[in-house]
Amino acid sequence: MKFYVCIKMVPDVYAPFQIKDGELIMDADRMVLNAYDASAVEEALVLSEKHGGEVEVVCIGSAKASETIRKALAMGADKGSHIVTTGDEGFDSGSYANILTAFLKDKEYDVLSLGKQSQDTDSGLTGSMVAELLHLPYTTNAVGLEIENGNLIVKRQGDTGQEIIELPTPCAVTCSNDMNEPRIPNLKGIMASKRKPIDTIDLASLGISESDLSPNSKVVSFEHKPARKAGQKFEGEADEIAREVAQLLDTEANVI
Amino acid sequence: MSSILTYIAISEGKIKRSSLEVLSRSKAIADANGLACEAIIIDENASSFTDSVQNYGASKIHIVEDSIFSQHRNTPLLSALSKVMEASKPKVVAFASTEGTKDILGALAANQKAGVVADVSSFDLTSSGVIAKRPVMAAKVVGNVEVTGETILVSVRSGSYELVESPITAEVNTIEFSSSESDLKAKLREIISATGDTIDLNEAETIVAAGRGVKDEEAKSLITELARVLNAGIGASRALTEAGVYDPSLQIGQTGKVVSPQLYIAVGISGAIQHVAGMANSKVIVAINKDADAPIFEVADYGIVGDLYKVLPPFIEELKKLKS
């Protein structure tokens, strides 16, 4: 099985930030491999270790994104492709999907896998866009993957339960971070990653039209989430405070 | 007249309340902008839901009825939506942000070359398109997003809008559609539904959520009892669904379900930001935790500092009295 995993460099959502005049400013330049993509890489590695195969990663991003690719290679991926951008283009999900489609359209693979969303924007659109543009059968929000008779068996967390979906290859799948704990690269992996190939590809060489790149959506400003009003904290005798809060929920909050 | 089209999600034979919330919003936008408010129902029994849908102001209801829609399958759902969009050329298509919607939204946008914005907490029409607010950065920040396009798809978080009835007699437009399972590349083998008859978290007015503090059968049965008394849905933090204590479909948080009930009772939940991202829009939050410094207290309207084994029995007893 040949896996292509699309990965993204994203800001660490736990890093401190400020909002000034509607602009989001990260205090530290802490960029990480998107957690959902890390799960997609992990699952591809597990399946290729079990059934044989290879894992390639592809990443769109600025020069710094090569560190993100290196991380996936250190986890065990065999090869990386880096589609280099300035990082300031204001691309939306559609732009990313068009770039990935242009890159992947003449590639050979069995499974195209992506994180189900980016942890900074949580849009969750690019995966199914790419699948549609490449005419691949797909499913999203996978919490488990298996290979059976050359087909990909996906356990998908749906609205009414876990759907077991069988996809013929080539196919696409987006991964939840609930499917595994991505491995932390060990020293051997880190050393090995330095000898693994990363192709750098410039955007122009993919022959994408200006209109396919120009975003349909843009974030015009950021604001702080409206803060919740500080509530009351009750400490003391459990029996007393439990009954007091129960009554307040009825008389004050009016939700019983 | 140009239109705003709302997709009515049906799950297990019932209309998802969240899609009627979206329809209520669409109706208000349609009225304010001189657009037609239309709806689309795609289900094996689609026509049986038109009465409920016209009650929320849809003047035209598109019906796609086929047995293939007895379960969620993305390929036929995409074809049905594309067919209706091509026929009715709506300005906006609005969805409740269910897992079913998330599965197809990007693909539909790519297929229809539409602008798209997902998982918003509010949206409105502008002269050039749609403006929406959506939580980003683990829901710590709100982004204001402008979307352009001849058609724009919007998915809306549950609980973002109130239900507003505005009864009307709708024109029903039945769309020919047939699909056979054997033609589909992706095969749905089965659905493992571990939750049985429990209350859908996206629809629940009250949610009791269990966290790491709920570690044995005794604590679990207290949670069940509290939920029973309040007719509440039961949710859980990631720690408990990963440990297998509760079913993964009950996970509330950034990666699980995002909920906004009238009352949210967090029991033994510390309040990690991933969890808070999934429940911070609840109307009233109660937290029960023995650690007085737990971050959950920063978002709780009523914080009870105490051992859940000591707090829950009198809490449940008092609620029973109030209910009776």
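Residues numbered from 1 in each chain as written. Chains lettered and ligands numbered in written order. Predicted model: local features only at pLDDT ≥ 70, side-chain atom pairs only at ≥ 80, totals over all residues.

Peer 1: Can you help me understand the overall build of chain A in this one?
Peer 2: Counting secondary structure elements, chain A contains seven helices and 15 strands. Counting only C-alpha atoms, chain A reaches 65 × 50 × 40 Å along its principal axes. Counting the 256 residues in chain A, one finds 48% classified as buried. Pairs at least 24 apart in sequence give 70% of the contacts found in chain A among residues at least 6 apart. (Helix = DSSP H or I, 4+ residues; strand = E, 2+ residues; numbered from the N terminus. Buried ≥ 20, exposed ≤ 12 C-beta atoms within 10 Å, placed from the backbone. Contact = placed C-beta atoms within 7 Å.)

Peer 1: Even after reading the chapter, I still don't get the overall build of chain B, so can you show me in this structure?
Peer 2: In terms of helices and strands, chain B carries eight helices and 18 strands. Here chain B has a C-alpha radius of gyration of 21 Å; the compact-globule value for 324 residues is 20 Å, and the two agree. The dimensions of chain B, computed from C-alpha atoms along their principal axes, are 60 × 45 × 40 Å. Partitioning the contacts of chain B with sequence separation of at least 6, the portion at a separation of at least 24 is 64%. (Rg over C-alpha atoms; globule rule 2.2 N^0.38 Å.)

Peer 1: Please explain the interface of chain B and chain A as it appears in this structure.
Peer 2: By a widespread convention, an interface's size corresponds to the accessible area lost as its parts come together. With 74 residues of chain B at the interface, the matching set in chain A holds 69 residues. Sorting the residues of the side of chain B that touches chain A by element identifies helix 4 (99-112), strand 7 (115-120), strand 9 (129-136), strand 10 (141-148), strand 13 (187-192), strand 17 (284-289), strand 18 (302-305) and helix 8 (308-323) of chain B as the ones contributing at least two each. Looking at which element gives the most residues to the side of chain B that touches chain A, the answer is helix 4 of chain B, with 11 residues. Two elements, strand 14 (residues 217-224) of chain A and strand 10 of chain B, share seven bridges in a ladder whose sense is antiparallel. Paired with Ser 217 of chain A across the strands is Val 147 of chain B, a residue of strand 10 of chain B. (Pairing = 2+ DSSP bridges.)

Peer 1: Is there a simple way to explain the nonpolar core in this structure?
Peer 2: Residues Val 5, Val 41 and Val 173 of chain A together with Ile 8, Ile 41 and Val 154 of chain B are the most contacted members of the largest nonpolar core, which totals 119 residues. In this structure Val 154 of chain B touches Val 92, Ala 94, Val 117, Val 120, Phe 123, Val 130 and Ala 132 of chain B, once residues within four positions along its chain are discounted. Listed in part, the 58 residues of the second largest apolar core include Ala 238 and Ala 246 of chain A together with Ile 207 and Tyr 302 of chain B. (Core = buried A, V, L, I, M, F, W, Y, C linked by C-beta atoms within 7 Å.)

Peer 1: Please explain the sheet that holds strand 14 (residues 206-210) of chain B as it appears in this structure.
Peer 2: Adjacent strands of a sheet pair through backbone hydrogen bonds, lying either parallel or antiparallel. Across the sheet, which stays open at both edges, the six strands sit in the order 15(A)-18(B)-17(B)-16(B)-14(B)-15(B) with parallel pairing between neighbours. Of all strands in the sheet, those with a lone pairing partner are strand 15 (232-234) of chain A together with strand 15 (233-236) of chain B, marking the two edges. Neighbour-to-neighbour, the strand axes of this sheet turn through a mean angle of 20°, independent of strand direction. Pairing of strand 17 of chain B with strand 18 of chain B involves four bridges; the strand directions are parallel. From the neighbouring strand, Val 286 of chain B faces strand 18 of chain B, where its bridge partner is Tyr 302 of chain B. Across the sheet, helix 7 (residues 238-251) of chain A lies against strand 15 of chain A together with strand 17 and strand 18 of chain B, angled at about 170° from strand 18 of chain B, the strand it touches most. Lying over the sheet, helix 5 (residues 217-230) of chain B contacts strand 14, strand 15 and strand 16 (263-267) of chain B, oriented at roughly 175° with respect to strand 14 of chain B. (Axes fitted to C-alpha atoms, helices over the stretch in contact; angles between N-to-C directions.)

Peer 1: Explanation requested: the pairing of strand 8 (residues 122-125) of chain B in the structure shown.
Peer 2: The two faces of a sheet get side chains in turn, since along a regular strand they alternate between them. Residues and elements named next belong to chain B. Note that strand 8 and strand 9 share four bridges and pair antiparallel. Of the residues in strand 9, the one forming a bridge with Asp 124 is Ile 131. Between strand 8 and strand 9, which pair antiparallel one after the other, the connecting turn spans three residues.

Peer 1: How do you make sense of helix 3 (residues 93-104) of chain A when you look at a structure like this?
Peer 2: Each turn of an α-helix holds 3.6 residues, which means side chains three or four residues apart point in the same direction. All names here are of chain A. Taking 1.5 Å of rise per residue, the 12 residues of helix 3 would be expected to cover 16 Å, and the 16 Å separating its terminal C-alpha atoms lies within 8% of that figure. Within helix 3, 11 of the 12 residues are buried, which leaves the element mostly enclosed by the surrounding structure. Residues of helix 3 that are buried include every one of Ser 93, Gly 94, Ser 95, Tyr 96, Ala 97, Asn 98, Ile 99, Leu 100, Ala 102, Phe 103 and Leu 104, and no others. (Expected span 1.5 Å × (residues − 1).)

Peer 1: What am I meant to see in the sheet that holds strand 7 (residues 79-84) of chain A here?
Peer 2: As summarised here, the arrangement of the 10 strands in space is 13(A)-7(A)-6(A)-1(A)-8(A)-12(A)-9(A)-10(A)-11(A)-13(B), forming an open sheet in which the pairing is mixed. If you trace the sheet from one side to the other, it starts and ends with strand 13 (198-202) of chain A together with strand 13 of chain B, each paired once. For this sheet, the mean angle separating the axes of adjacent strands, direction not counted, is 30°. Pairing between strand 9 (residues 138-148) of chain A and strand 12 (residues 171-175) of chain A: three bridges, direction parallel.

Peer 1: Teacher, can you tell me more about the packing of helix 3 (residues 74-88) of chain B against helix 4 of chain B here?
Peer 2: The axes of two packed helices give the description: the angle between them and the distance between them. All names here are of chain B. Across the interface, helix 3 lies against helix 4 with an axial gap of 10 Å and an inter-helix angle of 45°. Taken together, helix 3 and helix 4 sit at an angle that is classed as oblique. Of the two possible hands of crossing, helix 3 and helix 4 adopt the one that is right-handed. Here Asn 74, Leu 77, Leu 78, Leu 81, Ser 82 and Met 85 of helix 3 come into contact with helix 4, specifically with Asp 103, Ile 104, Ala 107, Leu 108, Asn 111 and Gln 112. (Parallel < 35°, antiparallel > 145°, perpendicular 65-115°, else oblique. Left-handed = near helix turned anticlockwise from the far one by under 90°.)

So far we have only geometry, and geometry alone does not tell us how the molecule works.
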